[in-house]
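Listed here are the chains, written in short residue letters.
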Amino acid sequence: MKIIQIQLTHLHNEEHLNLQTGFGQLVAAATPDALGIGKLWPQWLQLFEQEKEAIEFIRKSAHTQALEDADQQRDAALIGLRAMVRAHGLHFNAAKKAAAQRLMVVLEQYDGIEDRAYNAETTSIENLLSDLAGSLANDLNLLGLSDFASELQTLNQAFAQLQASRYTETAGKTALRMKEVRPQIDAVYAQACAYINARMLLEANEALKSFIVELNSRIEGFKNLLAQRKGRQAKPENEG
């Protein structure tokens, strides 16, 4: 028996906080030392408080939804560009296939930047676009993908401008950002689960079993939620 895994990055902010809240309640009831995570617990508690503070900032910010929408738009353009270049890597035309391969060398260096914190992603996209300029611009032209790069640049600049206005509006409020806090608490949560699973292997007892069963029950609830959301997103628009 062990704690089941879940893609924490796929949870919405409120869902993520709810899962961490439930985890914290269960740990407090079982006690961190009994679970073998006594040394990790202070760090988790600190990050949990930061996550609550960050989500409160989000709830109060008038520009939050617009910022999330702008981030998703630039993410979609980035993912689309990567997918289109990768597809051209299978092109029957040797010149286009070679161009796609050259572009993929650069794109792979920036793989996953859409999951970075807002500021880091903005800078990474700027660097990517700079790397795609020059001789690689000819490759983009050959594949007919220059408009993707231009759109990505436009969306990234629009995001940066919107974020700047948001910072002006919320000056003096917490500097914590959910996109920065979540990866940190996720790392501590994953380490805690690994420790608990290891202790379960070494010295299984009813307290550990009870904790894992209860936590898994909560995780399953969120996994079902993610599955339902994925199903709705994949459903063709013309279906009822």
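Provided above is the structure to which this section pertains.
Here goes a summary of the coordinates provided. (Residues numbered from 1 in each chain as written. Predicted model: local features only at pLDDT ≥ 70, side-chain atom pairs only at ≥ 80, totals over all residues. Heavy atoms only, no water.)

## Overview of the packing of aromatic side chains
Line of reasoning, step 1. Inspection of the entire model under this criterion finds seven aromatic pairs.
Line of reasoning, step 2. Between Phe 23 and Phe 211 the ring centres are 6.4 Å apart and the planes differ by 70 degrees, which places this aromatic pair in the edge-to-face class. Taken together, the residues Phe 23 in helix H1 (residues 13-30) and Phe 211 in helix H10 (residues 206-234) connect sequence positions 188 residues apart. Here Phe 23 matches Phe 211 in class, with each residue buried.
Line of reasoning, step 3. Among the aromatic residues, ring-to-ring pairing joins Phe 23, Trp 41, Trp 44, Phe 48, Tyr 189 and Phe 211 into one connected group.
Line of reasoning, step 4. Over the ring of Phe 159 we find Arg 74, and its NZ or CZ is 3.6 Å from the ring centre. (Phe/Tyr/Trp six-rings, centres within 6.5 Å; stacked < 30°, edge-to-face > 60°. Helix = DSSP H or I, 4+ residues; strand = E, 2+ residues; numbered from the N terminus. Buried < 20%, exposed > 50% of the residue type's maximum accessible area, 1.4 Å probe, protein only. Lys NZ or Arg CZ within 6 Å of the ring centre and 35° of its normal.)

## Here we look at the packing of H1 against helix H9 (residues 178-202)
Line of reasoning, step 1. For the pair H1 and H9, the least separation of the axes is 12 Å and the interaxial angle reads 35 degrees. For H1 against H9, the interelement crossing comes out left-handed. Across the interface between the two elements, Asn 13, His 16, Gln 20 and Phe 23 of H1 pack against Met 178, Arg 182, Ile 185, Asp 186, Tyr 189 and Ala 192 of H9.
Line of reasoning, step 2. For the contact of H1 with H9, the class distribution of residues is five nonpolar, three polar and two charged. (Axes fitted to C-alpha atoms, helices over the stretch in contact; angles between N-to-C directions. Left-handed = near helix turned anticlockwise from the far one by under 90°. Contact = heavy atoms within 4.5 Å. Nonpolar A, V, L, I, M, F, W, Y, C, P; charged D, E, K, R; others polar.)

## Describing the nonpolar core
Line of reasoning, step 1. By size, the foremost hydrophobic cluster in this structure holds 36 residues, and its most contacted members are Ile 3, Phe 23, Ile 37 and Phe 211.
Line of reasoning, step 2. Of all the secondary structure elements, the ones that give two or more residues to this core are H1, helix H3 (41-60), H9 and H10.
Line of reasoning, step 3. Of all the elements, H9 adds the most residues to this core, at nine residues.
Line of reasoning, step 4. Discounting chain neighbours no more than four positions away, the residues touching Ile 3 are Tyr 189, Cys 193, Ile 196, Asn 197, Phe 211, Ile 212, Leu 215, Asn 216 and Ile 219.
Line of reasoning, step 5. Counting 23 residues, the second-largest nonpolar core is a separate cluster that includes Val 106, Ile 113, Leu 143 and Leu 152. (Core = buried A, V, L, I, M, F, W, Y, C linked by side-chain atoms within 4.5 Å.)

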